[in-house]
Amino acid sequence: MVGQLVVSSTQEPSPGTTGGAAGEGDGSGEGDFHGFNDWSEMDAAMLARGQAYPAVTSGQSGANVFLEPEMDGEWKVFTLEAKVVEWEVEPGRLVEGWTYNGMIPAPTIKVSSGDKVRVIVINNLPMSHSLHMHGIRVPNVMDGVDPYTELPATPGETRVYEFTAQGPAVGIYHPHHGADIQIPNGMFGAFLIDDMPVPQKLIDKGYPATPTKTVNMVLNDAGTIGLSLNGKSFPGTEPYTIRVGETMMVHYFNEGLMPHPMHLHQPMGWVIAKDGVPLDEPWPTDTINVAPGERYTVLYMGMEPGVWAWHCHILTHAETPEGLRYMVTAVIVERGTLPEEFIANNPQFAPVED
Amino acid sequence: MVGQLVVSSTQEPSPGTTGGAAGEGDGSGEGDFHGFNDWSEMDAAMLARGQAYPAVTSGQSGANVFLEPEMDGEWKVFTLEAKVVEWEVEPGRLVEGWTYNGMIPAPTIKVSSGDKVRVIVINNLPMSHSLHMHGIRVPNVMDGVDPYTELPATPGETRVYEFTAQGPAVGIYHPHHGADIQIPNGMFGAFLIDDMPVPQKLIDKGYPATPTKTVNMVLNDAGTIGLSLNGKSFPGTEPYTIRVGETMMVHYFNEGLMPHPMHLHQPMGWVIAKDGVPLDEPWPTDTINVAPGERYTVLYMGMEPGVWAWHCHILTHAETPEGLRYMVTAVIVERGTLPEEFIANNPQFAPVED
Amino acid sequence: MVGQLVVSSTQEPSPGTTGGAAGEGDGSGEGDFHGFNDWSEMDAAMLARGQAYPAVTSGQSGANVFLEPEMDGEWKVFTLEAKVVEWEVEPGRLVEGWTYNGMIPAPTIKVSSGDKVRVIVINNLPMSHSLHMHGIRVPNVMDGVDPYTELPATPGETRVYEFTAQGPAVGIYHPHHGADIQIPNGMFGAFLIDDMPVPQKLIDKGYPATPTKTVNMVLNDAGTIGLSLNGKSFPGTEPYTIRVGETMMVHYFNEGLMPHPMHLHQPMGWVIAKDGVPLDEPWPTDTINVAPGERYTVLYMGMEPGVWAWHCHILTHAETPEGLRYMVTAVIVERGTLPEEFIANNPQFAPVED
Ligand SMILES: [Cu+2]
Ligand SMILES: [Cu+2]
Ligand SMILES: [Cu+2]
Ligand SMILES: [Cu+2]
Ligand SMILES: [Cu+2]
Ligand SMILES: [Cu+2]
Ligand SMILES: [Cu+2]
Ligand SMILES: [Cu+2]
Ligand SMILES: [Cu+2]
């Protein structure tokens, strides 16, 4: 949760040193500073928020933590404890988080095609619970759809789900009992089967066949957690780092109640899978609108060094009059070299001259 | 509206028999049962709602009822009476439904390319009315856009629309006068020209060239009807049945005021047409976000027997603290055999071992 | 802002001349005329609104006005003054518009790949300002992301941004300081690099390689401006004119806070670029859902003469009980001839017989 933020700026911080009186431009708008006395107070608040990033908060996001299975013969056994914990969404904002294993998102489960998978859920919630593995192929009796495929596990009860993994898949596990309460409060975790292949069309354009890193990005907007990226609100969100020429594969998941158009500033992206199924024909994006329940897998190439903002483009989900907040983080692109084949095949993405 | 619901579960119903006290897990969350005294009361309410499905309600959805034309020489004549009726959205919830022919959705009109089509609208609404055939190619004077292409038919008046059908098309007919009032209150019906072809790419993957069944699924969220699938709210919604190895083609339409991401649990889907135009390059989906006015045609293959939930993934559109509600139904997949070619071409979708 | 609206109707205006009493159809619904005494008063209000289109309003939309650069050696220099002006959103509705150069949208900037581009921003707002060029490739220090890549220009201050253009690109320039306030209030302008190519697949279908016209369409729904197309609300919106057989390329941009599904009645459309990157595989649409921050480039062919409505399909964004309002305009298709190759390759789009 602790990162080193590289700010590369050629312009000196100089708030309040130039500029005339507010409203000189047109005479209108004076006096409306959203609770501040003037623009310089507003700027100071915004600067303070920006500088607080990335802030340390208690409560570990499991988006990019892999849950280790125990082996029971040929079975990979994953144990989840459903429980309520205190969760720090952003510095100082403590809420009741509903979790698997105390993490929001829950720890990522990753298996391979052919694996025998057993998921044990110990229900220590104050409510009953059913586990649904959204986007993962299971027999109907393992689908966790209370009251049709099972009755829920009551508080204190333990429930077992078993199936053989068939991939590739980009799924998400979450409750299917009281889901309107339990999910927004924090109960969701990535469930991956196999690695998502890079489409041949992108390899032909000079993208490496294997991404440098793969990241899960879970969106939420409701319940006790509210507007958040991987369970945290800016400045408590986590930055991601790649080099120029490296690629980052992002699995987006939306576990909230409304679509969020996630915008990554500079690195160019391609959608390479929808709901866990690889696309023959990837499509380009810098702003990907992810609706509740959808999963998009996007491959980004680091193209230019710097701190590149990454946020929901619903402006009130990224900022308030006090500064950046909620669904905002950054990709830090460090110096490196674009692959020759990439430049040859993507002339419009050649290195920018500073 | 009456169905036989097959619940296949290996786990015995046992609400309230295990489990400790609420909140044992973490000590937080006690006392918050959304109006219930404890989790077991909540479970009982949820179970009762689940067991009420599929509930009989008065008022017949026309989504999958075809309106029979009368022939007048070479003209296929469809007669619509616009009128207000009492509509049972879900058991016991009676509202004022604005309809064509007393159905919500209105009965489906289906014609073939080259057909001479005449639609007669008798306006027995308390308001004026214009008929727009959204997504259907017509001469401008037949477009029903009050006050530009016509003035509306006043209450009691009859209006005639004529054109020659050009397909394929997946359209929807609805008012274009007071549309913000009349449409959410129930006035919308599928208008289809020809059958939508299955793309060659899917036939090559082992999908049959002709779907076993074709279903219209109209979404709404406003007016007197509110959150609903084909004019009904769970448990009044209708289940759909296919066998393993059979395909169901679904035309989704959104006549509400916001996008709805419709999630079908197990059967894998492919988007094969957008706004009624076939796609050369179908794309995969298990959660399809349908915005107001859009139409997506999705082809689903039954892959595993069982009761598979089918619902909007905006959680508050599918569930309340009292249980499942609103935009929820199910696809019941009965036993059958996956086509050999399908298994050969989709190894990840081979039969699951129970 | 002044247009000639051709209304082609074969049906005589005759409000109130036929029709029985309100509610004859079913007996329900009487008395609810949303503030009107009866349907005929409602019709009269709707007709008056329809006839007011296209209305003259003060304040020039810059969506389709190109900002002329001054040359400074090899640099193309664009000067923007950020300032607050009085803005007439629709006839008689005057609001405080936050603008670049007094226009909403701001004037369009268009350059070519390889151009040296300098953008000078004079901040005459009552707040500080940073300029972000969304979707335009720039070095990180030119990205305008306060407080990471720069501190904002305070009121009265001037700031300079420089880069070399790499295209094609369909971007939008807007503030990145107090963006939640400044953008909805009107600060956004199209930023284009090069022309967007027509995909070979569409040329093969008979579409001309060069569009007859290219149009920017910027959506908004918040701030002082509210629900609007290119800064105006119906009937203050601008109509667009093409002939049968001509094509109109539309760059859609959403600078509001929610997705808007834009529906163009008759001309058939193809999405040919997403976020400024050309698609090898265009996809068909008559209703395109544009989320905040996204850009879709859609190519439309005029197919049938007439006045074709073009509006958001969220019904309350297009109409009120008083008639059409907000996100509504029209494409006027004048007489002309479809290309032979188009008809040959798109039999379903052959001329309609009136
Ligand atoms: Cu889900
Ligand atoms: Cu958002
Ligand atoms: Cu940004
Ligand atoms: Cu429509
Ligand atoms: Cu919904
Ligand atoms: Cu579900
Ligand atoms: Cu932006
Ligand atoms: Cu809208
Ligand atoms: Cu319309």
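Every chain's residues receive numbers from 1 upward, in the order its sequence appears when written. To label them, take the chains in the order written and letter them from A, then take the ligands in the order written and number them from 1. Whole-chain, interface and lining totals are the exception, using all residues; otherwise, since this is a predicted model, local features are given only for residues with pLDDT of at least 70 and side-chain atom pairs are given and counted only at 80 or more. To get the side-chain values, take all heavy atoms of the structure and skip hydrogens and water.

**Student:** What am I meant to see in the sheet that holds strand S16 (residues 277-285) of chain A here?
**Tutor:** Within a beta sheet, neighbouring strands are joined by backbone hydrogen bonds and run either parallel or antiparallel to one another. Residue and element names in this part refer to chain A. Any two strands with at least two DSSP bridges between them are considered paired. Helix and strand assignments follow DSSP, with helices taken as H or I runs no shorter than four residues and strands as E runs no shorter than two, numbered in order from the N terminus. With respect to topology, six strands assemble into an open sheet ordered S11-S10-S13-S18-S15-S16, the strand pairing being mixed. Where the open sheet ends on each side, the last strands, each with one partner, are strand S11 (226-229) and S16. Neighbour to neighbour, the strand axes of the sheet diverge by 20 degrees on average, direction disregarded. Bridging between strand S10 (residues 213-222) and strand S13 (residues 247-254) involves seven bridges; their strand directions are parallel. Pairing of Val215 across the sheet is with Val250, part of S13. Think of each axis as a best-fit line through the C-alpha atoms, taken over the contacting stretch in the case of a helix, with angles from 0 to 180 degrees between the N-to-C directions.

**Student:** Sorry if this is basic, but what is going on with the environment of Leu227(B) here?
**Tutor:** Residues and elements named next belong to chain B. With respect to the helices and strands, the residue Leu227 is situated in strand S11 (residues 226-229). Between buried and exposed lies partly exposed: a residue is buried under 20% and exposed over 50% of the maximum accessible area for its type, with that area taken using a 1.4 Å probe on protein chains only. Overall, Leu227 belongs to the buried group, its relative accessible area being 16%. Through-space distance from the C-alpha of Leu227 to that of His317 is 6.7 Å; in sequence the pair is 90 residues apart. When neighbours within four sequence positions are excluded, Leu227 is seen to be in contact with Asn220, Asp221, Ser233, His260, Thr316, His317, Tyr326 and Met327. Should any heavy atoms of two residues lie within 4.5 Å, those residues are counted as being in contact.

**Student:** Help me understand the pattern of salt bridges in this model?
**Tutor:** Side-chain pairing between opposite charges can occur once the charged atoms of the two side chains come close. Note on definitions: salt bridges are taken to be side-chain nitrogens of Lys or Arg within 4 Å of carboxyl oxygens of Asp or Glu. Using the criterion set out here, one finds 51 salt bridges over all chains in the structure. The partner of Lys83(A) in a salt bridge is Glu81(A), with the nearest N and O atoms 3.5 Å apart. Residue Glu294(A) is joined to Lys274(A) by a salt bridge in which the shortest nitrogen-to-oxygen separation is 3.2 Å. Taken together, the residues Glu294(A) in the loop between strand S17 (287-290) and strand S18 (295-301) and Lys274(A) in strand S15 (residues 269-274) connect sequence positions 20 residues apart. The buried category is assigned to Glu294(A), whose relative accessible area is 2%. Given the relative accessible area of 2%, Lys274(A) is considered buried. A cluster of three or more residues bridged by salt bridges with shared partners is formed by Lys274(A), Asp275(A), Glu294(A), Arg295(A) and Asp286(B).

**Student:** What am I meant to see in helix H1 (residues 39-52) of chain C here?
**Tutor:** Along an α-helix, residues three or four positions apart point the same way, because every turn accommodates 3.6 residues. Each helix should span, by expectation, one fewer than its residue count multiplied by 1.5 Å. A rise of 1.5 Å per residue sets the reference length of H1(C), with its 14 residues, at 20 Å; its end C-alpha atoms lie 20 Å apart and thus fit the reference within 8%. Listing the buried residues of H1(C) in full gives Trp39(C), Met42(C), Asp43(C), Met46(C), Leu47(C) and Gly50(C). For H1(C), the buried positions fall inside an angular range of 135 degrees around the axis, keeping them on one side. Residues of H1(C) that are buried make contact with helix H2 (179-182) of chain B together with strand S20 (319-320) and strand S21 (323-324) of chain C. This arc corresponds to the set of directions leading from the helix axis out to the C-beta atoms.

**Student:** Would you explain the coordination of the copper ion (ligand 2) in this entry?
**Tutor:** Each pair of donors in an ideal four-coordinate tetrahedral metal site encloses 109.5 degrees, whereas pairs in an ideal six-coordinate octahedral site enclose 90 or 180 degrees. Residue and element names in this part refer to chain A. Within the protein, His260 (ND1), Cys312 (SG) and His317 (ND1) serve as the donor atoms for the copper ion (ligand 2), at 2.0 to 2.1 Å. Coordination of the copper ion (ligand 2) draws on donor residues from a single chain, spaced H-x51-C-x4-H in sequence. There is no split in this pair, since Cys312 and His317 are both buried. Coordination shells were defined by N, O and S atoms within 2.8 Å of each metal, extended to 3.2 Å for Na, K and Ca; water is absent from the atom set, which can make sites look incomplete.

**Student:** Can you walk me through the coordination of the copper ion (ligand 4) in this structure?
**Tutor:** Around the copper ion (ligand 4), the protein supplies His134(B) (ND1), His174(B) (NE2) and His313(C) (NE2) as donor atoms, at distances of 1.9 to 2.0 Å. In this model, the copper ion (ligand 4) sits 5.2 Å from the copper ion (ligand 9). One end of the pair, His134(B), is in strand S6 (residues 131-134); the other, His174(B), is in strand S8 (residues 169-175), with 40 residues separating them in the sequence.

**Student:** Quick question: what am I supposed to make of the packing of aromatic side chains here?
**Tutor:** The geometry of an aromatic ring pair comes down to the distance between the two centres and the angle between the two planes. Only Phe, Tyr and Trp rings are paired, with Trp represented by its six-membered ring, and only when their centres lie within 6.5 Å; those with planes under 30 degrees apart are stacked, over 60 edge-to-face, the remainder tilted. Applying the stated criterion across every chain yields a total of 30 aromatic pairs over all chains. Centre to centre, the rings of Tyr252(B) and Trp310(B) are 6.2 Å apart; their planes meet at 80 degrees, and the pair counts as edge-to-face. Placement of Tyr252(B) in strand S13 (residues 247-254) and of Trp310(B) in strand S19 (residues 306-312) is noted, with a sequence separation of 58 residues between them. Given the relative accessible area of 0%, Tyr252(B) is considered buried. Look at Trp310(B) and you get buried, because its relative accessible area is 0%. Here the aromatic residues Tyr100(A), Phe163(A), Tyr173(A) and Phe191(A) are joined through ring pairs into a cluster of three or more. The positively charged end of Lys274(A) is found above the aromatic ring belonging to Tyr296(A), 5.1 Å away from the centroid. Directly above the ring of Trp87(C) sits Lys232(C), whose terminal nitrogen or CZ lies 4.2 Å from the centroid. Only when the NZ of Lys or the CZ of Arg is both within 6 Å of the ring centre and within 35 degrees of the ring normal is a charge said to sit over the ring.

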